[in-house]
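Now for the letters of each chain:
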Number of protein chains: 2
Amino acid sequence: MSIAEDQVPGVEPATAESQGFVFNHTMLRAKDPKVSLAFYTRVFGMRLLRKLDFPEMQFTLYFLGHAEAGEVPEDDAERTAYTFSQKGVLELTHNWGSENDPELSYHDGNAEPQGFGHICFAVPDLAAAERWFDANDVEFKKRANEGKMPNVVFVKDPDGYWIEVVQPALSAGLGD
Amino acid sequence: MSIAEDQVPGVEPATAESQGFVFNHTMLRAKDPKVSLAFYTRVFGMRLLRKLDFPEMQFTLYFLGHAEAGEVPEDDAERTAYTFSQKGVLELTHNWGSENDPELSYHDGNAEPQGFGHICFAVPDLAAAERWFDANDVEFKKRANEGKMPNVVFVKDPDGYWIEVVQPALSAGLGD
């Protein structure tokens, strides 16, 4: 690292007005919630924290996170407030009927036009995670031993969004 | 809620193989890192956890999160591993020179072709956050008192990505 992170151009010190702000969730549209929920709960170990239906606007929101069973409130309103308070939440938006539309597929952000790139999960054992993905027929974009970034895996979710997978200790030497 | 979250079609129980998985970060491309870093550190109170340069591939990655000052390791390798271990990290990718390309702008995922939708921050006081955004000339897409979802704010980041802002207790009654 050439200069300390707090001296990088643009970086400003924390302000009183932004105290307590939390990066809560990232929203991705999902064509078929049944398929995506199975993928994120089974393969990536997430829990469905909350499901919110909006019949008037014909969509449903699914909020997924890695909470322990006991820490998620039972009461609906408390559960919603809890969901919006956490870090590391993935929101999937299902526009009703999209799963039956043969023309519909979502844009991954890496083909043109570019913008969003990927989400990333940290795992305790990258080699074991690769075997687990293979056992679940997950599509790989890049395995740990391929490409220019060793020990960085990329797989695709059911809509084709890219998911990076890293084992933090193995990625400690990444970059300059 | 019509049915409990663990009975929603597609949802599966946690597996041993996904124990310890963490939703670490979301990556968005940023045209001008100086502008985006100022925005996310000053307005949203994030810290630059790590900056990783990849000269061979001509890009730099900036990882931002809400860590307390004391908990971020000083040592570069430890700091990288720490960054990849956290929840709620935002990664900005800067392809060198993009800030000088008058033709370049990134796709927000909400115009066609759709995919990624937004990121979301929870704040302790939504009305105070609105005033803070105004004081910093942040562009609003929707204020708390506009549209069909009361108490949900949307602003835009410097690249035009949508940022939802909620106060969890005020959103407890959202949806059916």
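Residues numbered from 1 in each chain as written. Chains lettered and ligands numbered in written order. Predicted model: local features only at pLDDT ≥ 70, side-chain atom pairs only at ≥ 80, totals over all residues. Heavy atoms only, no water.

*Asks:* Looking at this structure, how should I read the nonpolar core?
*Replies:* The tendency in soluble globular proteins is for nonpolar side chains to be buried side by side. Counting residues in hydrophobic clusters, the biggest one holds 68 residues, and the most contacted among them are Tyr40(A), Phe44(A), Phe133(A), Tyr40(B), Phe44(B) and Phe133(B). Apart from residues no more than four positions distant in its own chain, Phe44(B) is found in contact with Ser18(A), Phe21(A), Phe39(B), His66(B), Phe121(B), Phe133(B), Val155(B), Ile163(B) and Val165(B). (Core = buried A, V, L, I, M, F, W, Y, C linked by side-chain atoms within 4.5 Å. Buried < 20%, exposed > 50% of the residue type's maximum accessible area, 1.4 Å probe, protein only. Contact = heavy atoms within 4.5 Å.)

*Asks:* Would you mind going over the domain arrangement of chain A with me for this structure?
*Replies:* You'll often see interface size given as the accessible area lost when the parts meet. All names here are of chain A. Taken as a whole, chain A is organised into domain 1 (23-97) and domain 2 (117-176). Placing the centre of domain 1 and that of domain 2 at their C-alpha centroids yields a distance of 23 Å. In this assembly, 15 residues from domain 1 lie in contact with 14 residues from domain 2. Buried area between domain 1 and domain 2, both sides added, is near 1200 Å², and the carbon and sulfur share of it is 71%. Of all residues in domain 1, Phe39, Val43 and Phe44 bury the most surface against domain 2, accounting for 41% of the area lost on that side. There are 0 salt bridges connecting domain 1 and domain 2. Here domain 1 and domain 2 share 5 residue pairs in polar contact (both at pLDDT 80 or more) between them. Contributions of two or more residues to the side of domain 1 that touches domain 2 are made by β1 (22-29) and α1 (33-43). It is α1 that provides the largest number of residues to the side of domain 1 that touches domain 2, a total of 6 residues. Of the residues in the side of domain 1 that touches domain 2, the class split is 9 nonpolar, 3 polar and 3 charged. (Domains from an automatic or database assignment. Buried area = accessible area lost by both parts, 1.4 Å probe. Salt bridge = Lys/Arg side-chain N within 4 Å of Asp/Glu carboxyl O. Polar contact = N/O pair within 3.5 Å; in protein donor to acceptor, adjacent residues only side chain to side chain. Helix = DSSP H or I, 4+ residues; strand = E, 2+ residues; numbered from the N terminus. Nonpolar A, V, L, I, M, F, W, Y, C, P; charged D, E, K, R; others polar.)

*Asks:* Just to check I follow, could you spell out the sheet that holds strand β3 (residues 59-65) of chain B for this structure?
*Replies:* Pairing between sheet strands relies on hydrogen bonds along the backbone, with the strands arranged either parallel or antiparallel. Spatially, the 8 strands line up as an open sheet ordered β6(A)-β7(A)-β8(A)-β5(A)-β1(B)-β4(B)-β3(B)-β2(B), and their pairing is mixed. Looking at the sheet topology across the chains shown, the edges are occupied by β6 (140-142) of chain A together with β2 (47-54) of chain B. Here the strands of the sheet are splayed against their neighbours by 25° on average, with no regard to which way each runs. Relative to strand β7 (residues 152-156) of chain A, β6(A) runs antiparallel, the two being bridged by 2 bridges. Of the residues in β7(A), the one forming a bridge with Lys142(A) is Phe154(A). Across the sheet, helix α2 (residues 76-85) of chain B touches β5 (116-122) and β8 (162-166) of chain A together with β1 (22-29), β2, β3 and β4 (89-95) of chain B, and the angle it forms with β2(B) is around 110°. (Pairing = 2+ DSSP bridges. Axes fitted to C-alpha atoms, helices over the stretch in contact; angles between N-to-C directions.)

*Asks:* Where do I start with helix α3 (residues 126-135) of chain B in this structure?
*Replies:* Structurally, the α-helix is built with 3.6 residues per turn, so residues lying three or four positions apart point the same way. All names here are of chain B. Inspection of α3 places Leu126, Ala129, Glu130, Trp132 and Phe133 among the buried residues, and these make up the whole buried set. End-on, the buried residues of α3 take up no more than an arc of 165°, which puts them together on one face. Away from its buried face, by an angle of more than 90 degrees, α3 presents the exposed residues Arg131 and Ala135. Among the structural elements, α1 (33-43), β6 (140-142), β7 (152-156) and β8 (162-166) are those in contact with the buried residues of α3. After α3 finishes, the residue Asp137 shows a positive phi value of roughly 55°. (Arc of directions from axis to C-beta.)

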